[in-house]
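The primary structure of each chain is shown beneath.
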Amino acid sequence: MSSATIPSPGGRATIARLGADNRGVLIAFFVFLALLGLVNFVSSGPLTYFDISFLSSGGATLALASVGQTLVILSGGFDLSAGAVISLVNVVLAQSMDPMTTGPSVVLWTLAGIGIGMLTGAFNGFFVAVLRLQPIVVTLSTMFILQGITLLVMDKPGGFVSPDLGAFYLGDAIPGFLPMPVALILAVIVAWLWLKNTRFGPALYAVGSDPDAAAAAGVRVVFVRFMVYVIAGGCYGLAGVFISAQTGSGDPLVGNSLLLSMFAAVVVGGTRLGGGKGGPVGTVFGAYILMMVVNILLVLNVSAYYSTIAEGTILILAVLAGSVSRSSELANHLRTFGDYVSARRRGTLPRQLDRTDRRLKTFLGSPKTDPAVGHGFFERHRETLRFALPAYVCLVLVILVTQLWLGRTVFSPTYWNSLAVLSSFLALLALGQGTVILTGGLDLSVPWVVGISGIVLAGMVNGSDAALVYALPLVLAMAALIGFANGVGVVFLGISPIVMTLAMNGILQGFALLYSQGTPAGFAAPMLRWFMTGRIGPVTPVVPFLFLFVVGAVLLLGKTAFGRRVYAIGNGLRAARLSGISVDRTLLLVYTLSGFCAGLVGVLLTGFSGQASLGMGDDYLLPSIAVVVVGGALITGGRGHYLGMLGGVLLLTALQMLLAGTNLPYATRAILYGLVVLLAVVALREKRT
């Protein structure tokens, strides 16, 4: 063998390094090939060009949108507004396109869709990059604002998209050889490879890996983050154009179901949540992997209700697979458990040792007094009042406006009773979601914990008071167990709270659809119905319960060791561990509490409406976060008081009642919620030094 054919050590090292750097892409590619072979096997015959074209168009929307999501995640952020952008572009095209549009107009409308996405991205980028707000709360607020705008443009499916758009995007780039969806995705990948090799590419990875180090190295962090959201918005806009070409009409909810799939595609494609590693090429393979998994399930006559369960499960498994290492959270906990077992066998656990106090007795002089003792109430609670009072001041203003506009408010017992009843749902969620936020997390599984709790309760009770005796504790235990599962994922598996609870939300949606077969059955028990709508004198029975709940919540967070541990974790996880706080146990309890509160809301909503419905919890995700933020809590954790959150609850509920008495469309409520959260976060954020 000649020396020219022997790979040099340097060459082998280069190949090994390239393989390690692109491990996620390579794994996604081989899984993609394997699934493509499986699709070919379960199909009635060998895959034809038509089949390839059909598969390419089926996953193109998700692939294009996921490329944008990948860029955001590479920068260290999250974008929850992606699906809403797709829906907005879809309805704008369907509402505005001329039925007679031809040729050149296809390009113009494509640019219009991309432009809408980029404008939305610029909006997100301003708050995230310039004002340095948390990407999660910004993009979640933007999502609700866009959903409201979308409903104002088109409140139900309809409209018209020119067939020329479909003919262009679903046709062939090269007849019989290259489908247009493949050509479009290849063009996006080529654009990414070009961008990656400009100065912007390394800057993007640097910002995602360590923004402080990147800034110290001269990287314009603010500019990079801003442009990431703008470019990502353009990708969402292009995805909205493509799905419009597919459907030929508009649907204000068309993009909502894509959010979970986007995160799953990004993770399956090898991009690391938290930023700095991965890329859109693997994401494209990840998107088609998810699409083929769903198609295989359909070919095997598996119910479509399993799709969200599959996506949520794949997301969790992909995150775990990507984080497998000796330093992973799971590995650390396994080592800690091994050390615990060994120490117990040796009898060296603290509780197994002699507890005799052997410290020397010393005279310390007079005890030192707490500097806060002797100060007035306002002095001792100045920090809490500073952030909680604005919600109550705004509440008074809203009530006065309601009195002036609609009358029968300030001196009406009926108004105050209605305010308390309608506030009860958010007041319960504020404890669970608020406690999670105080630890620095976020619970996105709230909607379908609420939904599945109500659906299961109504199905078990079916109008029977006797069945309520065993159904109620079982449903609440189920909800608490779901919250506990979230906590296990966050604490022991090391999964980001956003990803874990988002995946859980999708899994619960699938289980709810399977349980109800798409049509929830059953009715609330008469006793539960009376509890939510009956009267004891001038008040509804749930009002005294709400009062007791508020007292209990205040005591839980303000006067117990659990509450002190929650605040300590929010102010510094590592410091809390070093202080001897049982962080893992506390976080498990926090997520269990959130699940329990969401389950209780599902029960009360079922009693209030008389029956359960699919999506009954969808309207409570942003409000559950909004009331916490408006009440003065810091979205990154460590600051907040339940009475402030209660002020946020009363404010948003009073505002909702005011809007209900006007002729403004329902969509304005979503827009208002989003704006209120953004303004509250800006106004109450911590000042940076």
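Predicted model, so just to flag it, every value in this text is computed and none were measured.

What about the overall build of the chain?
- Across its full length, the chain carries 29 helices and two strands.
- Considering the chain as a whole, with its 689 residues, one finds that 50% of them fall into the buried category.
- When contacts within the chain are restricted to residue pairs at least 6 apart in sequence, those whose partners lie at least 24 apart make up 80%.

Observations concerning the nonpolar core
- In terms of nonpolar packing, the biggest core is built from 196 residues, with Leu 165, Tyr 169, Leu 315 and Tyr 642 touching the most fellow members.
- With 14 residues, helix α18 (residues 413-438) is the largest single contributor of residues to this core.
- Counting six residues, the second-largest nonpolar core is a separate cluster that includes Val 491, Ile 569, Val 583 and Leu 587.

Re the side chain of Asn 486
- You can see Asn 486 is positioned in helix α20 (residues 465-491).
- What makes Asn 486 buried here is its relative accessible area of 1%.
- Asn 486 has contacts with Asp 443, Ser 445, Met 500, Thr 501, Met 504 and Tyr 591, leaving out every residue within four places of it along the chain.

Section: the confidence of the model for the chain
- Per-residue confidence for the chain averages 84 on the pLDDT scale, and 87% of its residues sit at or above 70.
- Per-element averaging of pLDDT across the chain places helix α1 (residues 9-21) at the bottom with 54 and helix α26 (residues 583-609) at the top with 94.
- Segment residues 1-5: pLDDT under 50, and one contact once partners within four positions in sequence are set aside and those in other chains are kept.

Concerning the packing of aromatic side chains
- Here the structure, examined in full by the defined rule, presents 14 aromatic pairs.
- Ring geometry for Trp 192 and Tyr 205: centres 6.3 Å apart, planes at 50°, overall tilted. Of this pair, Trp 192 sits in helix α8 (residues 180-196) while Tyr 205 sits in helix α9 (residues 200-209); the two residues are 13 residues apart in sequence, bridging distant segments of the chain. The pair Trp 192 / Tyr 205 is uniform in exposure class, with both members buried.

Brief notes about the packing of helix α24 (residues 561-571) against α26
- It is the contact of α24 with α26, at a shortest axis distance of 10 Å, that shows an interaxial angle of 105°. With respect to their mutual orientation, α24 and α26 come out roughly perpendicular. Between α24 and α26, the residues in contact are Phe 562, Arg 565, Val 566 and Ile 569 and Val 583, Thr 586, Leu 587, Leu 589 and Val 590, respectively.
- A class-by-class count of the residues in the contact of α24 with α26 yields seven nonpolar, one polar and one charged.

Here we look at the pattern of salt bridges
- All chains considered together, the criterion is met by one salt bridge.
- The closest approach of N and O atoms between Arg 577 and Asp 584, which form a salt bridge, is 3.3 Å.
- On the basis of relative accessibility, which here comes to 38%, the residue Arg 577 falls in the partly exposed class.
- The class of Asp 584 is buried, set by a relative accessible area of 18%.

Some words on the packing of helix α3 (residues 49-74) against helix α11 (residues 221-247)
- Where α3 contacts α11, the axes come no closer than 7 Å and their chain directions differ by 170°. Classed by the angle they form, the pair α3 and α11 counts as roughly antiparallel. Note on element contacts: α11 touches α3 through Val 228, Tyr 229, Ile 231, Ala 232, Cys 235, Tyr 236, Leu 238, Ala 239, Phe 242, Ile 243 and Gln 246, opposite Ser 57, Gly 58, Ala 60, Thr 61, Leu 64, Ala 65, Val 67, Gly 68, Gln 69, Leu 71 and Val 72.
- Considering only residue class, the contact of α3 with α11 consists of 16 nonpolar, six polar and no charged.

A closer look at a nonpolar patch on the surface
- Taken together, the side chains of Leu 389, Val 393, Val 396, Leu 397 and Leu 400 define a hydrophobic patch exposed on the protein surface, amounting to about 430 Å² of accessible area.
- When you line up the elements, Leu 400 lands in helix α17 (residues 382-406).

Quick look at the side chain of Ser 66
- With respect to the helices and strands, Ser 66 occurs in helix α3.
- Apart from the residues within four sequence positions on either side, Ser 66 is in contact with Met 262, Ala 265, Val 266 and Thr 283.

What to know about unusual backbone geometry
- The phi torsion at Arg 132 lies on the positive side, around 60°, for a residue other than glycine.
- With respect to the helices, strands and loops of the structure, Arg 132 is situated in the loop between α5 (104-130) and α6 (135-153).
- Look at Asn 462: it is not a glycine, yet its phi comes out positive at around 50°.
- A relative accessible area of 48% places Asn 462 in the partly exposed class.

How each quantity is defined
Residues numbered from 1 in each chain as written. Predicted model: local features only at pLDDT ≥ 70, side-chain atom pairs only at ≥ 80, totals over all residues. Heavy atoms only, no water. Helix = DSSP H or I, 4+ residues; strand = E, 2+ residues; numbered from the N terminus. Buried < 20%, exposed > 50% of the residue type's maximum accessible area, 1.4 Å probe, protein only. Contact = heavy atoms within 4.5 Å. Core = buried A, V, L, I, M, F, W, Y, C linked by side-chain atoms within 4.5 Å. pLDDT = per-residue confidence, 0-100. Phe/Tyr/Trp six-rings, centres within 6.5 Å; stacked < 30°, edge-to-face > 60°. Axes fitted to C-alpha atoms, helices over the stretch in contact; angles between N-to-C directions. Parallel < 35°, antiparallel > 145°, perpendicular 65-115°, else oblique. Nonpolar A, V, L, I, M, F, W, Y, C, P; charged D, E, K, R; others polar. Salt bridge = Lys/Arg side-chain N within 4 Å of Asp/Glu carboxyl O. Patch = residues over 30% accessible without salt bridge, like charges linked within 9 Å, V, L, I, M, F, W, Y side chains within 5 Å. Areas by Shrake-Rupley, 256 points an atom, 1.4 Å probe, with all protein chains shown as cover.

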